[in-house]
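# Structural characterization, general
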Amino acid sequence: ETGVTQSPTHLIKTRGQQVTLRCSSQSGHNTVSWYQQALGQGPQFIFQYYREEENGRGNFPPRFSGLQFPNYSSELNVNALELDDSALYLCASSLRVVTYSGANVLTFGAGSRLTVL
Amino acid sequence: RKEVEQDPGPFNVPEGATVAFNCTYSNSASQSFFWYRQDCRKEPKLLMSVYSSGNEDGRFTAQLNRASQYISLLIRDSKLSDSATYLCVVIVMDSNYQLIWGAGTKLIIKP
């Protein structure tokens, strides 16, 4: 059983550029969620995809967008990068949408660390 | 006011002591609650879910108080390996679905 893998692990961009981060979900998981974690802060929920559709979104502007593919892997795209976008971006997969059952735990990847200069 | 707030840290605690964390949430549409643990420069991992009746897993006990809108985590007989940041997570389900995380409380267990 493979876990959640994210790529790239580190990258540096400049303001105004665009970035695409990728995530392969754990085998058997159909739900992927993305988080932004600034240094010393908790993860901030960006959005969640279930069966290729966005089914939840946090307080992030539209320049943060995503996709989920038929194999349940996912991409996070950020346009018009700003300095404050510098953070660790975490992807998590789960068997299905985490609701009442604690059994549908989130399995996280190691993250992609983005630096915007 | 943040939607999910946790005790500020760090907590410096001697090995073997009992330590308690609190987490308050403001959205009444909060449905499910979890504690995650995050080691330095690592990804978060589920520690335990929090059920209305309270639940225990070894040295860890979680409680939920819906009336006062807070959850707690108690760690008994703390070990050096318990040193980590503990994150409170709340699932809100109203017109939107969100997983809202607290900023975390850093715990340092000293020998």
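Whatever comes next refers back to the structure up there.
On to the state of the cysteines, then. Residue and element names in this part refer to chain A. A complete count under the given rule lists 2 disulfides over all chains for this structure. Disulfide pairing places Cys23 opposite Cys91 at an S-S distance of 1.8 Å. An S-S torsion of about -60° defines the bridge between Cys23 and Cys91 as left-handed. Of this pair, Cys23 sits in strand S3 (residues 19–24) while Cys91 sits in strand S9 (residues 87–94); the two residues are 68 residues apart in sequence, bridging distant segments of the chain. Of the two residues, Cys23 and Cys91, both sit in the buried class.

Turning to the interface of chain B and chain A, a few remarks are in order. Taken residue by residue, the interface counts 22 residues in chain B and 25 residues in chain A. Ranking the residues of chain B by area buried against chain A places B:Tyr97, B:Leu99 and B:Trp101 at the top, with a combined share of 30%. Run the count over chain B and chain A and you get 0 salt bridges. Taken together, the links from chain B to chain A amount to 5 residue pairs in polar contact (both at pLDDT 80 or more). Going through the elements one at a time, strand S4 (30–38), strand S5 (45–50), strand S9 (84–93) and strand S10 (97–101) of chain B are the ones with two or more residues in the side of chain B that touches chain A. Element by element, the count of residues in the side of chain B that touches chain A is highest for S4(B), at 5 residues. Classifying every residue of the side of chain B that touches chain A by side-chain character gives 12 nonpolar, 7 polar and 3 charged.

The subject of this paragraph is the nonpolar core. Residues and elements named next belong to chain B. Counting 25 residues, the largest nonpolar core has Phe21, Trp35, Ile71, Leu73, Ile75, Tyr86 and Leu107 as the members making the most contacts within it. Only strand S3 (19–25), S4, S5, strand S7 (60–65), strand S8 (70–75), S9 and strand S11 (105–110) provide two or more residues apiece to this core. Here the element with the most residues in this core is S9; it accounts for 5 residues. Dropping the residues within four chain positions of it, Tyr86 is found in contact with Gln6, Phe21, Trp35, Tyr36, Arg37, Leu47, Leu73, Ile75, Gly104, Thr105 and Leu107.

For the rest of this paragraph, the subject is the environment of A:Glu54. Residues and elements named next belong to chain A. Relative to the helices and strands, Glu54 resides in strand S6 (residues 53–57). On a C-alpha basis, the gap between Glu54 and Gln68 in space is 8.4 Å, while along the polypeptide they are 14 residues apart. Apart from the residues lying within four places of it in its own chain, the contact partners of Glu54 are Phe47, Gln48 and Tyr49. A distance of 3.2 Å separates the side chain of Glu54 from the side chain of Arg57, its partner in a polar contact.

Basis of the calculations
Residues numbered from 1 in each chain as written. Chains lettered and ligands numbered in written order. Predicted model: local features only at pLDDT ≥ 70, side-chain atom pairs only at ≥ 80, totals over all residues. Heavy atoms only, no water. Disulfide = S-S within 2.5 Å. Helix = DSSP H or I, 4+ residues; strand = E, 2+ residues; numbered from the N terminus. Buried < 20%, exposed > 50% of the residue type's maximum accessible area, 1.4 Å probe, protein only. Contact = heavy atoms within 4.5 Å. Buried area = accessible area lost by both parts, 1.4 Å probe. Salt bridge = Lys/Arg side-chain N within 4 Å of Asp/Glu carboxyl O. Polar contact = N/O pair within 3.5 Å; in protein donor to acceptor, adjacent residues only side chain to side chain. Nonpolar A, V, L, I, M, F, W, Y, C, P; charged D, E, K, R; others polar. Core = buried A, V, L, I, M, F, W, Y, C linked by side-chain atoms within 4.5 Å.

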